Amino acid sequence: MDNTVRGGLTHAASFPVERLREAETPLYYYDTRLLRQTLDAVNTAASHPAFRVHYAVKANTNPGILSRVAAAGLGADTVSIGEVEAAVAAGFPAADIVFAGVGKTDREITRALRLGVGCLNVESAEELEVIIEIAASLGVKAPVALRVNPEVDAHTHHYITTGLAENKFGIALSMLRPLMERCRDSEHLDFRGLHFHIGSQVTDLTPYRLLCERINALQEEYEGFPIPWINVGGGLGIDYADPDAHPIPDFDAYFEIFARHLQLRPDQEVHFELGRAIVAQCGSLITRVTYVKQGVAKKFVIVDAGMTDLIRPALYQAHHKIENITSTATEEAVYDVVGPVCESSDCFGRDERLPITHRGDLLALRSAGAYGEVMASAYNCRTLPGSLFSEGD
Ligand code: LLP
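Reference entry: report on the structure contained in this document. Positions within a chain are numbered from 1, following the residues in the order the chain's sequence is written. The predicted nature of this model means local features are confined to residues of pLDDT at least 70 and side-chain atom pairs, given and counted, to a pLDDT of 80 or more, with totals for whole chains, interfaces and linings taken over all residues. To obtain the side-chain values, all non-hydrogen atoms of the structure were used and water was disregarded.

### Here's the deal with the environment of V84
Secondary structure follows DSSP: runs of H or I at least 4 residues long count as helices, runs of E at least 2 residues long count as strands, and numbering of each begins at the N terminus. The residue V84 is located in helix α4 (residues 81-90) in this model. Exposure is judged per residue with a 1.4 Å probe applied to protein chains only, and the accessible area is read against the type maximum: over 50% gives exposed, under 20% gives buried, and values in between give partly exposed. The exposure class of V84 is buried, given its relative accessible area of 0%. Each C-alpha atom, one on V84 and one on A277, is 20 Å from the other, the two residues being 193 residues apart in sequence. Whether two residues are in contact is decided by their heavy atoms: any pair within 4.5 Å suffices. Excluding anything up to four places from it in sequence, V84 contacts T78, I97, F99, L115 and V117.

In structure tokens form, the structure reads like this:
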């Protein structure tokens, strides 16, 4: 994918080292200028009159992030009532919030309908019946979309691929017709459209073209059914290897695929749910070196952040670029960078080439704004990481 930065932006990360030295580590540092530039780039690239972008809240629910994304005018895509409420609190209008997820409880559905969310993305026939019952008891019409499993391979890590027949998500194409009819005919439902999502960290745009073709075929098959919205999900990937070369994903190329290949009906809207592409590059996990340990075969840099603060390397074999942001050394050495948690997978990088590193140095684990802070845990009775914004709070 061509990730060229557009509009003459040349953002290279710079860290307020003195502020970070004073701060308690580990902590997430967010560059709000880059976040704002990224939001501007999304809004510009998605300026097609039929396009509406939602932010996938699950990527980062830090209130400082949520309120900035809400202020940029995006809608919110949520997967629990906790996320719905966090989005409302951050300023997203309820009508611009979509609530998805395979296991919504009765309590969550009831609360979401009472709050007036814009749409429930329904993942099964069983869930649809529960929504009808609850809507009838509340005396409301529930706005719903059906999440269809498009059977398009996103070619990403198997833990974050979602659009295949074996995945738990969505409704199989072969089971769709009776549910479309139920949505059209039930007096308790207001059918909004179809929802798709093929997976996450998608860096080759070809699967999105295949998704458009699948949707076009479906629209033909369901000619005569009103389908006001097509929601194509999220998943646009980012450059973890070289965040400074590509701080902002190529949103133009991404939206262009849909503008060119999706055959829309008159007045039909296209919804997008981007998470990682919006917030990943603006965040870094800042961690302090506790020890530099000489082993028999290796040198270890032991840091105060662990898999509890950033689980992506341990869970998906992900690699976040590691930088020593305080070293002035000109010579380099090779280290394994590891955390303090009692698991061998608590490792951020093997054979990392870093400037000669010492106890007390600060390292930045880059591209950690998405699925970083929000996936932190207190395993080993560890404290959750804090956060710091480049501007303000
Ligand atoms: N829409 C739906 C229905 C989703 O399931 C997801 C992500 C998104 C949108 C947003 O995807 P994004 O644009 O952020 O790729 N924890 C994993 C990623 C899990 C993604 C789950 N679903 C990671 O750290 O890579």
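### Quick word on the packing of helix α3 (residues 63-71) against α4
Here an axis means a line fitted to C-alpha atoms, over the contact stretch when the element is a helix, while the angle between two N-to-C directions is reported on a 0 to 180 degree scale. It is at 8 Å that the axes of α3 and α4 come closest, and there the two elements cross at 65°. Between α3 and α4 lies a crossing of right-handed hand. Taken together, the residues of α4 that come into contact with α3 (itself represented by L66, S67 and A70) are A86, A87 and A90. Asp, Glu, Lys and Arg are counted as charged, while Ala, Val, Leu, Ile, Met, Phe, Trp, Tyr, Cys and Pro are counted as nonpolar; the rest, among them Gly, fall into the polar class. Broken down by class, the residue content of the contact of α3 with α4 amounts to five nonpolar, one polar and no charged. Should the near helix be turned anticlockwise from the far one by less than a right angle, the crossing is left-handed, and should it be turned clockwise, the crossing is right-handed.

### Points about the packing of aromatic side chains
Put simply, two rings from Phe, Tyr or Trp (the six-membered ring, in Trp's case) pair if the centres are within 6.5 Å, and we call them stacked under 30 degrees between planes, edge-to-face over 60, tilted for the rest. For the structure shown, the criterion picks out 13 aromatic pairs. Relative to Y30, the ring of Y28 has its centre 6.2 Å away and its plane inclined at 15°; by these criteria the two rings are stacked. Summarising the aromatic geometry, the rings of F51 and F272 are spaced 4.9 Å apart at their centres and angled 65° between planes, so their arrangement reads as edge-to-face. Of this pair, F51 sits in strand β2 (residues 51-56) while F272 sits in strand β10 (residues 269-274), and the two are 221 residues apart along the sequence. Using a relative accessible area of 11% as the deciding quantity, one classes F51 as buried. Exposure remark for F272: the relative accessible area of 0% places this residue in the buried category.

### Side note on the nonpolar core
Grouped together as the largest cluster of nonpolar side chains are 103 residues, with contacts concentrated most on Y55 and F255. With six residues, helix α2 (residues 32-45) is the largest single contributor of residues to this core. Start and end points for every domain follow an automatic or database-based domain assignment. If you count residues domain by domain, this core takes at least three from each of domain 1 (11-29 + 282-389) and domain 2 (33-278). Core analysis: the next-biggest nonpolar cluster, separate from the first, contains eleven residues, F15, L20, I325 and L388 among them. We call a set of buried residues a nonpolar core when its members are Ala, Val, Leu, Ile, Met, Phe, Trp, Tyr or Cys and they connect through side-chain atoms within 4.5 Å of each other.

### As for the packing of α2 against helix α9 (residues 251-261)
One way to put it is that α2 packs onto α9 with a least axis distance of 9 Å and a crossing angle of 30°. Judged by the angle between their axes, α2 and α9 are roughly parallel. The chirality of how α2 crosses α9 is right-handed. Each of T38, A41, V42 and A45 in α2 lies in contact with α9, whose residues at this interface are F251, D252 and F255. Here the contact of α2 with α9 is built from residues that sort into five nonpolar, one polar and one charged. Here is the rule for angles: anything less than 35 degrees is roughly parallel, anything more than 145 is roughly antiparallel, 65 through 115 is roughly perpendicular, and the remaining ranges are oblique.

### Considerations on α3
Residues of α3 that are buried include every one of G64, I65, L66, V69 and A70, and no others. Each polar contact in these results corresponds to two N or O atoms within 3.5 Å; when the atoms are within protein, one needs to be able to donate a hydrogen and the other to accept it, and residues that are neighboring in sequence are counted only if both atoms are side-chain atoms. The opening residue of α3 is N62, an N-cap whose side-chain oxygen sits 2.9 Å from the backbone nitrogen of G64. In the segment just after α3, G73 is the residue with positive phi, at about 90°.

### Details of the side chain of T110
Looking at the element boundaries, T110 is found in helix α5 (residues 106-115). With a relative accessible area of 18%, T110 lands in the buried category. T110 has contacts with I134 and L138, leaving out every residue within four places of it along the chain.

### Digging into the site of the ligand
In these notes, residues near a molecule or strand are those with any non-hydrogen atom within 4 Å of it. Taken together, 19 residues form the shell around the ligand, and within it S200, E273, R312, Y316 and Y371 come nearest. One of the backbone nitrogen or oxygen atoms of R276 is found 2.8 Å away from an oxygen atom of the ligand. Residue Y371 places a side-chain N or O atom 2.6 Å away from an oxygen atom belonging to the ligand. Only the protein chains shown count as cover for residues, and all accessible areas are computed by the Shrake-Rupley method using a 1.4 Å probe. Against a free-state accessible area of 580 Å², the protein chains account for coverage of 92% of the ligand. Listing elements by their share of the shell around the ligand, those giving two or more residues are β10 and α11 (312-316). Taken domain by domain, the shell around the ligand gets at least three of its residues from each of domain 1 (11-29 + 282-389) and domain 2 (33-278).

Geometric descriptors of this kind do not, in isolation, establish any biological role.
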